[in-house]
Amino acid sequence: MAISKTIICTFSVLSVAARADFRARNCSEVREACVGKGFSFTHVPLQEIPGQHLRVCPQGNTCCTQEMEDTFGQQSKQDFENLVDEMSHELRSILTSRHKRFDEFFLELLENTERSLNEMFVRTYGKPYMQNSEVFENLFAELKRYYTGGNVNLEEMLNDFWSRLLERMFTLLNSQYVITEDYLECISKYTDQLKPFGDVPRKLKAQVTRAFIAARTFVQGLSVGKEVAQRVSKVSSTPACIRALTKLLYCPFCQGMPTVKPCKNYCLNVMKGCLANQADLDPEWNQYIDAMLLVAQRLEGPFNIESVMEPIDVKISEAIMNMQENSAQVTYRVFQGCGEPKPAGMTRSARGVSDVFNARFRPYSPDERPTTAAGTSLDRLVVDIKEKLKLSKKFWSNFPEAMCVEERVTAGNASDEECWNGHTKGRYFPEVQKDGLTNQMNNPEVGVDITRPDTFIRQQIMALRVMTNKLKNAYNGNDIYFQDSSDEGSGSGSGSGCTEVCPTDMDGAATEAPLVKADRSGPLDDSALLLAPSVALPTMLALSALAVHRQWR
């Protein structure tokens, strides 16, 4: 009888203790936390209930109904996608704003150069220039087409420009003859042999082509990087990932511990599993960033389009003066190869060479130079973007680490014993997985099918790979085939060339002192005006080059 009373007494004490523990773990804190997060559940238990209905959270005593767990699953997916979007916002914003800034800069640089040169030629040469401006207009059209992604061979285009300029100048220099279209076609065949413009076309062609290739490719690189970042930031969560996120973020609510944050290593395993495919983007992303930085160096140095375009008027003036000095020899050799044309008769004025080419250019003074986009310079833009690009290396593989910080998801390193480990409050023991899809085979938190890479992510990897190849070619001054700009965002197109720095002929890449300085101050007499077409033509080359950059987006 005494033994029986003892057992009953003991049982009563345990029951009281159990009830005390049960009351200590009531659900009032959970209710308050749910209200604070904006959940509007039809029912939240006042105290724990049996959790056999739960499919994700632990099934012991719980503060969650089936409705709550389902809602937590939906919210986990939304929280995760919002967090990825938030964390990638700065990178996307930088690439978007810098792409816009560079594009505006190049376009305005071209526009300003074209406008200033045109105004100068109209003021200096008047009607003769305007009557021959189609040579430059055609050049600009081709340069613009190149800049917008057209399949234009810059070297061939510039060679054609100098051929057209030779034809116009030869006609002016030999106005006492009848120069037919057939005769002009014959003259063009001798351009390379005659070298009527000296070494200017060769040097200028090297400068213009390399500067345009680098500028166009760099701006396109910013566009591709922006598009890839925007696409990859729109994550698509698998059912296994959503379950893991629910367990990570909201199962503490069901356990009556809404304020307990996940352990950091636990968070890392969940995020590495959910972002496995994004991490696989990282190697190609890093190579893309390295290639962008290399081209940025070129923009600061020998491929600086700003330093190429500003003195182009003087360069073309130099070329025209070279032909003036060699006009007798050029005419003699043309007559040898093409025959002497018929005299024009007395109706034509036979002007001397000195009469036709008595105009001279003078360079802009600093206060006359047009202000470029946003009052900035290419050097400032490049310094800024280089700093930003360097910070974006390893961006995608660092995503889990950046997400699993105290202010975002986890309890922080200082709370290893006071964090949610997926089952209760306490230390998390499993090993943290490495980055990437193939390393998730044994992820204890997220079931990942490593045999099925995300097709969408693979497309972005390919887009980066194609762009990196273009950037490497541009770094070496090599032009490559560019499809229409509408296709470029997806990384279409391909190119080939040196994979390391190729030898480049940069003689004359730096701005040279003009051999000839011209007076741009006022109108010339009638004889001087005859030079207009010839001089204007070369000048518009500069304009068209810049206009091309302006138009490519």
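Per chain, residue numbering runs from 1 following the sequence as it is written. Local features in this predicted model are restricted to residues of pLDDT 70 or higher, and side-chain atom pairs are both shown and tallied only at a pLDDT of 80 or more, whereas totals for entire chains, interfaces and linings draw on every residue. Think of the side-chain values as coming from all heavy atoms in the structure, minus any hydrogens and water.

The name given to the chain in an unreviewed UniProt entry is Glypican 6b, with the source organism recorded as Anabas testudineus. UniProt positions are given in the numbering used here, feature names are shortened, and annotations may be inferred rather than shown by experiment. Under the heading Subcellular location (unreviewed entry), UniProt records this for the chain: "Cell membrane". Looking at the chain in UniProt, the text filed under Function (unreviewed entry) is "Cell surface proteoglycan."

Student: Where do I start with the state of the cysteines in this structure?
Tutor: Two cysteines whose sulfur atoms are joined by a covalent bond form what is called a disulfide. Put simply, a disulfide is two cysteine sulfurs that come within 2.5 Å. Inspection of the entire model under this criterion finds seven disulfides. With its sulfur 2.1 Å from that of its partner, Cys-27 forms a disulfide with Cys-63. The S-S bond linking Cys-27 to Cys-63 shows a torsion near -90°; that makes this disulfide left-handed. Here the residue Cys-27 occupies a position in the loop between helix 1 (2–24) and helix 2 (28–36), and Cys-63 occupies one in the loop between helix 2 and helix 3 (66–125), the gap between them amounting to 36 residues. Here Cys-27 and Cys-63 have matching classes, each one buried. Secondary structure follows DSSP: runs of H or I at least 4 residues long count as helices, runs of E at least 2 residues long count as strands, and numbering of each begins at the N terminus. Think of it in three bands: residues with accessible area under 20% of the maximum for their type are buried, residues over 50% are exposed, and the middle band is partly exposed, with areas taken using a 1.4 Å probe on protein chains only.

Student: In this structure, what is going on with unusual backbone geometry? I would like to understand it.
Tutor: A negative phi angle is the norm for most residues apart from glycine, just as the trans form is the norm for most peptide bonds. Phi angles above zero are rare outside glycine, and Lys-195 is one such case at about 45°. Locating Lys-195 in the fold gives a position in the loop between helix 8 (191–194) and helix 9 (200–232). For Lys-394, which is not glycine, the phi torsion reads 60° and is therefore positive. Among the structural elements, Lys-394 can be located in the loop between helix 19 (378–391) and helix 20 (399–403).

Student: Sorry if this is basic, but what is going on with the side chain of Asp-282 here?
Tutor: Positionally, Asp-282 belongs in helix 14 (residues 282–300). In this tally Asp and Glu are treated as negative and Lys and Arg as positive; neither His nor the chain ends contributes. The salt bridge definition used is simple: a Lys or Arg side-chain nitrogen within 4 Å of an Asp or Glu carboxyl oxygen. The side chain of Asp-282 sits in the buried core without any salt bridge; Lys-394 is the nearest counter-charge, 7.0 Å away. At 3.5 Å, the side chain of Asp-282 and the backbone nitrogen of Phe-395 are in polar contact. Any N or O atom pair separated by 3.5 Å or less is treated as a polar contact, with the protein-specific requirement of one donor-capable and one acceptor-capable atom, and with residues adjacent in sequence counted only for side-chain atom pairs.

Student: Can you help me understand the confidence of the model for the chain in this one?
Tutor: Low-pLDDT stretches of the model should not have their predicted coordinates read in fine detail. The quantity called pLDDT is the predictor's confidence in a given residue, expressed from 0 to 100. When the pLDDT values of the chain are averaged, the result is 77; 75% of them are 70 or greater. By definition in these notes, contact holds between two residues if any of their heavy atoms fall within 4.5 Å. Under a pLDDT of 50 for its full length, residues 347–371 has, in the predicted model, 70 contacts with residues more than four places off or in other chains. Overall, residues 482–553 carries pLDDT values under 50, and its contacts beyond four positions in sequence, including any with other chains, amount to 264 contacts.

Student: Would you explain the packing of aromatic side chains in this entry?
Tutor: Ring geometry is summarised as follows: Phe, Tyr and Trp rings, the Trp one being its six-membered ring, pair when their centres sit within 6.5 Å, and such pairs are stacked at plane angles under 30 degrees, edge-to-face over 60 and tilted between the two. Counted under the stated rule, the structure contains 21 aromatic pairs. Judged by centre distance (5.3 Å) and plane angle (80°), the rings of Phe-39 and Phe-72 are edge-to-face. Separated by 33 residues along the polypeptide, Phe-39 in the loop between helix 2 and helix 3 and Phe-72 in helix 3 bring together distant segments of the chain. Just as Phe-39 is buried, Phe-72 falls in that class too. Cluster of aromatic residues (ring-pair linked, three or more members): Phe-39, Phe-41, Phe-72, Tyr-250 and Phe-253. We call a charge positioned over a ring when the NZ of a Lys or the CZ of an Arg lies within 6 Å of the ring centre and within 35 degrees of the ring normal. Cation over ring: Arg-298 sits above Phe-303, and NZ or CZ is 4.9 Å from the ring centre. Sitting over the ring of Tyr-475, Arg-298 keeps its end group 4.1 Å from the ring centre.

Student: Help me out: how do you make sense of helix 19 in this one?
Tutor: Because each turn of an α-helix spans 3.6 residues, side chains separated by three or four positions end up pointing in the same direction. Along its 14 residues, helix 19 runs 20 Å from first to last C-alpha, staying within 8% of the 20 Å computed at 1.5 Å per residue. Within the sequence span of helix 19, burial applies to Leu-378, Leu-381, Val-382, Asp-384, Ile-385, Lys-386 and Leu-389. Expected helix span is given by 1.5 Å per residue-to-residue step, counting one fewer step than there are residues.

Student: Sorry, what's going on with the environment of Gln-255 here?
Tutor: With respect to the element layout, Gln-255 can be found in the loop between helix 11 (251–254) and helix 12 (264–274). Residues Gln-255 and Lys-425 lie 170 residues apart in sequence; the distance between their C-alpha atoms is 9.5 Å.

Student: Before we go on, may I ask you to explain the nonpolar core in this structure?
Tutor: Most often, soluble globular proteins keep nonpolar side chains buried together rather than apart. Counting residues in each nonpolar core, the largest one holds 131 residues, and the members touching the most others are Phe-72, Phe-80, Phe-102 and Trp-285. If you tally residues by element for this core, the top one is helix 9, at 15 residues. Beyond its immediate chain neighbours, meaning those up to four positions away, Phe-80 contacts Val-235, Ser-237, Cys-241, Leu-245, Met-271, Cys-274, Leu-275 and Met-403. Throughout this description, the term nonpolar core refers to a set of buried Ala, Val, Leu, Ile, Met, Phe, Trp, Tyr and Cys residues connected via side-chain atoms within 4.5 Å.

Student: Where do I start with the packing of helix 10 (residues 239–249) against helix 12 in this structure?
Tutor: Relative orientation and spacing of two packed helices are given, respectively, by the angle between their axes and the distance between those axes. Running from N to C, helix 10 and helix 12 cross one another at 160°; their axes reach a closest spacing of 10 Å. Relative to helix 12, the element helix 10 is oriented roughly antiparallel. As helix 10 packs across helix 12, the resulting crossing turns out to be left-handed. Mapping the contact onto sequence places Cys-241, Ala-244, Leu-245, Lys-247 and Leu-248 in helix 10 and Tyr-266, Cys-267, Val-270, Met-271 and Cys-274 in helix 12. Across the contact of helix 10 with helix 12, the residue classes tally to nine nonpolar, no polar and one charged. Here an axis means a line fitted to C-alpha atoms, over the contact stretch when the element is a helix, while the angle between two N-to-C directions is reported on a 0 to 180 degree scale. Angles are sorted into four bins: roughly parallel if under 35 degrees, roughly antiparallel if over 145, roughly perpendicular if 65 to 115, and oblique for all others. For a crossing to be left-handed, the near helix must be turned anticlockwise from the far one by less than a right angle; the clockwise case is right-handed. The residue classification treats Ala, Val, Leu, Ile, Met, Phe, Trp, Tyr, Cys and Pro as nonpolar and Asp, Glu, Lys and Arg as charged. All others, Gly included, are polar.

Student: What is the right way to look at the pattern of salt bridges in this model?
Tutor: Two side chains carrying opposite charge are able to pair once their charged atoms lie near each other. Scanning the entire structure with this criterion turns up 19 salt bridges. Measuring nitrogen to oxygen at the nearest pair gives 2.5 Å for the salt bridge that ties Lys-272 to Asp-435. Within this pair, whereas Lys-272 is found in helix 12, its partner Asp-435 is found in the loop between helix 20 and helix 21 (455–475), the two being separated by 163 residues in sequence. For Lys-272, a relative accessible area of 12% gives the class buried.

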